[in-house]
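Descriptive analysis of the structure
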Amino acid sequence: MINFTTGSLFKLSQCDPAEIAPQISGLLLDGEQILVAAKTIRDFVVFTDKRIIAVNIQGVTGKKRDFSSLPYNKIQAFSVETAGSFDLDAELELWFSGLGKVRFEFKGRFDITYLGKLIAHHVL
């Protein structure tokens, strides 16, 4: 499993969900839709209408992958931090029962307020 608490060397950038969809289509439930996708150079995260799927691509060839499924119904609390004038990164922190804190860092142009609203819709 990905160590979510340490943060990452690379920040996530928003990307087209269609670019990511083929890589996780086998994991999606019937009717499950990708709403938001973000990626680093290799790893990526998708926010569907049912859960968050974080993908850690491992090894030199990238054929080995860790898929972590984080259901919205296990989120106990969350925090959204927008980008500022000097700190250009946005952050999303989620507290899951049985897992603890999960942290995602995004480049400043990422629409973190929309993501916060998406999480709130599924949690509250």
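For the structure itself, consult the block above.
Because the structure is predicted, anything quoted here is derived from the model rather than measured. (Residues numbered from 1 in each chain as written. Predicted model: local features only at pLDDT ≥ 70, side-chain atom pairs only at ≥ 80, totals over all residues. Heavy atoms only, no water.)

**Considering the pairing of strand E8 (residues 100-106)**
Relative to E8, strand E7 (residues 90-96) runs antiparallel, the two sharing seven bridges. Among the inter-strand pairings, Leu92 is bridged to a residue of E8, identified as Phe104. Once E7 ends, the chain turns through three residues before running back antiparallel as E8, passing Gly98 with a positive phi of about 85 degrees. (Pairing = 2+ DSSP bridges. Helix = DSSP H or I, 4+ residues; strand = E, 2+ residues; numbered from the N terminus.)

**Considerations on the sheet that holds strand E2 (residues 34-39)**
With antiparallel pairing, five strands are arranged side by side in an open sheet as E1-E2-E3-E4-E5. Unpaired on one side and paired on the other, strand E1 (13-15) and strand E5 (64-71) mark the two borders of the sheet. The average undirected angle you get between the axes of adjacent strands in this sheet is 25 degrees. Seen against the sheet, helix H1 (residues 17-24) touches E1, E2, strand E3 (44-48), strand E4 (51-58) and E5 and runs at an angle of roughly 95 degrees to E2. Along the sheet, helix H2 (residues 112-123) makes contact with E2, E3 and E4, crossing E2 at roughly 135 degrees. (Axes fitted to C-alpha atoms, helices over the stretch in contact; angles between N-to-C directions. Contact = heavy atoms within 4.5 Å.)

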